[in-house]
Amino acid sequence: MPSFLTRQPGKGILVTLFFVAFPPRLVLIALYFLPKPLRQHPKYTFHQAVGVALFKMLWNFASQIEWAPPKSLEPGKDKTFLAIDSAEGRLYRDVLDDPIIRPARMGVIWYPRTYDPAADKDKNIVLHFHGGAYVLGGCRPMEVGEGPALLASHISGLVFAAQYRLASYPNSRFPAALQDAVTSYNYLVGLGIPASQIILSGDSAGGNLAIALLRYIEDQKSLLPKPRACFLWSPWVDLAIGPVATASHRNYKFDYVPALLVEWGERVYKPDSMEATHPYISPLNNAFSTPVPILLHTGTLEVLYDSHIAFVNQMKIPGNEIVLVETVGAPHDIFAAGQITGFMKEAEAAMDDANEFLKLRTDCLESTIDGLDPQG
């Protein structure tokens, strides 16, 4: 809740104290984790132990002060960044039709370069939504980590990362992020990119958003074409979990997700008129039918691990295809945090799995087409 720490001058005082104390704290963390027995997990390397502890400290601090730095729709030094307008009103129906939260202009960025209609007409295009509990993060390189650029490389395509509105800013709760997801997806379709070449992707809260967009496409039938596939990287599928259950989870000491971040994200993202268990808020326990193949990646040391297993099992209904990929001994969202947490090799292996997931389905589709009788 808003407090002295989340308003000035309290926030400014805390930020100053944090950065003054940061260098000695970092040294102490490094010294503490030098002996293997003191690391969070016996198989963590020194890099992994320090990275997980550092990330948890940073996210916990950001949650304490409810950090919300200004977002710009100007490219700045990011040359592939652009601002796009919302689509025509008919695309924002039902849960997206809110009297206060209206579709708005938004930022997006291409990785590793801007889309070229001639050179890229046959390439896979990934629409990616970043993580951050719907309150932190962004689409720019300094915010989103190595994930989008690496994924583009592994699938030999391009990634279109969305700067959707965060609930940590005024009038940006649900359905703002989902409106922006529809805007960005429709933009790609409007470029003439076949939906059969577009892959939805999201890490952590961005995974929740990717699922919500896929559900919206299914619920609205022919309003928007179906994408080729969906990649979910440690998706936040249960916003009803709460901080107490998060902090008491057996994996909490191994992971970097602080309970305070979970509480903050759920509190400001969910409108008062909706329960945290609503299908568009928490996909868990709200399975739906879709022909779009889904790959879900998780780490076995995540606090969200159990919810991932449950969600995958629930989505295994007739007509659906969902594949679970596990990285043993990994914490939350190594797609985005692999570099800082020391799990880059494992993150790239997961991206290789995603590429194989795509190739297998492409080969099967081509074999089916080749085998069709042209005479019917």
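The structure displayed is predicted, hence computed values, not measured ones.

J.: I keep staring at the state of the cysteines and nothing clicks. Help me out?
T.: Cysteine pairs can be linked by a disulfide, which is a covalent bond between their two sulfur atoms. This model, assessed by the stated rule, comprises 0 disulfides. Left without a disulfide partner, Cys139 is nearest to the cysteine sulfur of Cys230, which lies 19 Å away.

J.: When you look at the packing of helix α2 (residues 46-65) against helix α8 (residues 259-269) in this model, what are you seeing that I'm missing?
T.: Angle between the axes and distance between the axes: these two values describe a pair of packed helices. Close contact between α2 and α8 brings their axes to 8 Å; oriented N to C, the two are set at 40°. One way to sum up the angle between α2 and α8 is to call them oblique. The handedness of the crossing between α2 and α8 is left-handed. Across the interface between the two elements, Trp59, Asn60, Ala62, Ser63 and Gln64 of α2 pack against Leu260, Leu261 and Trp264 of α8. Class assignment for the residues of the contact of α2 with α8 results in 5 nonpolar, 3 polar and no charged.

J.: What's the story with the side chain of His130 in this structure? I'm lost.
T.: Residue placement: His130 occurs in the loop between β3 (125-129) and α3 (141-144). A relative accessible area of 3% means that His130 is categorised as buried. Ignoring any residue separated from it by four or fewer positions in sequence, one finds His130 in contact with Leu136, Gly137, Gly138, Cys139, Val144, Ala162, Tyr164, Leu166, Asp203, Ala205 and Gly206.

Criteria and thresholds
Residues numbered from 1 in each chain as written. Predicted model: local features only at pLDDT ≥ 70, side-chain atom pairs only at ≥ 80, totals over all residues. Heavy atoms only, no water. Disulfide = S-S within 2.5 Å. Axes fitted to C-alpha atoms, helices over the stretch in contact; angles between N-to-C directions. Helix = DSSP H or I, 4+ residues; strand = E, 2+ residues; numbered from the N terminus. Parallel < 35°, antiparallel > 145°, perpendicular 65-115°, else oblique. Left-handed = near helix turned anticlockwise from the far one by under 90°. Contact = heavy atoms within 4.5 Å. Nonpolar A, V, L, I, M, F, W, Y, C, P; charged D, E, K, R; others polar. Buried < 20%, exposed > 50% of the residue type's maximum accessible area, 1.4 Å probe, protein only.

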